[in-house]
Amino acid sequence: PPPPAPPAASAAAAAGGPVGVSSLTKIVKDDLGLMPQPAEPKYKGALCQIFVRSAPYGGSDKSSNGHRYDSIPFANGMINAGMSCQLIH
């Protein structure tokens with residue numbers, strides 16, 4: 001018989017990282033500037049953030065997309081080092 005077809009994209013891949021976070025509510029507007037996650041990361045990491053719903057943009061330390069100003073550069077540093085870094089609230 002022919003070999004089985006490769007599996008369809010997993011839920012984790014669809015969620016933008018190696019760990020499935022699709023059950024979490026996405027609060028931020030976008031992840032603009034975040035590099036693609038490595039296909040086979042050395043380590044799997046996450047950057048946990050606080051979002052104050054009653055504050056504009058989620059807090060005085062946030063940019064207009066809801067992330068802290070240093071979150072994307074911090075996550076990209078991890079990605080450049082071969083690790084994954086998913087941004088969650």
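Residues numbered from 1 in each chain as written. Predicted model: local features only at pLDDT ≥ 70, side-chain atom pairs only at ≥ 80, totals over all residues. Heavy atoms only, no water.

J.: Just checking my understanding: could you explain helix α2 (residues 71–80) for this structure?
T.: Within an α-helix, residues lying three or four positions from one another point in the same direction, as the helix has 3.6 residues per turn. Residues S71, I72, A75, N76, M78 and I79 constitute the buried set of α2. Looking down the long axis of α2, one finds its buried residues gathered within 155° of arc, a one-sided arrangement. Away from its buried face by more than 90 degrees, α2 exposes P73 and N80. Residues of α2 that are buried sit in contact with β1 (44–48) and β2 (84–88). Where α2 ends, the next residue or the one after it, G82, has phi of about 95°, a positive value. (Buried < 20%, exposed > 50% of the residue type's maximum accessible area, 1.4 Å probe, protein only. Helix = DSSP H or I, 4+ residues; strand = E, 2+ residues; numbered from the N terminus. Arc of directions from axis to C-beta. Contact = heavy atoms within 4.5 Å.)

J.: Quick question: what am I supposed to make of the pattern of salt bridges here?
T.: Throughout the structure, instances matching the rule amount to four salt bridges. The shortest N-O distance in the salt bridge between D31 and K26 comes to 3.0 Å. D31 gets classed as partly exposed once you look at its relative accessible area, which sits at 26%. Between K62 and D61 there is a salt bridge; the shortest N-O distance is 2.9 Å. A cluster of three or more residues bridged by salt bridges with shared partners is formed by D61, K62, R68 and D70. (Salt bridge = Lys/Arg side-chain N within 4 Å of Asp/Glu carboxyl O.)

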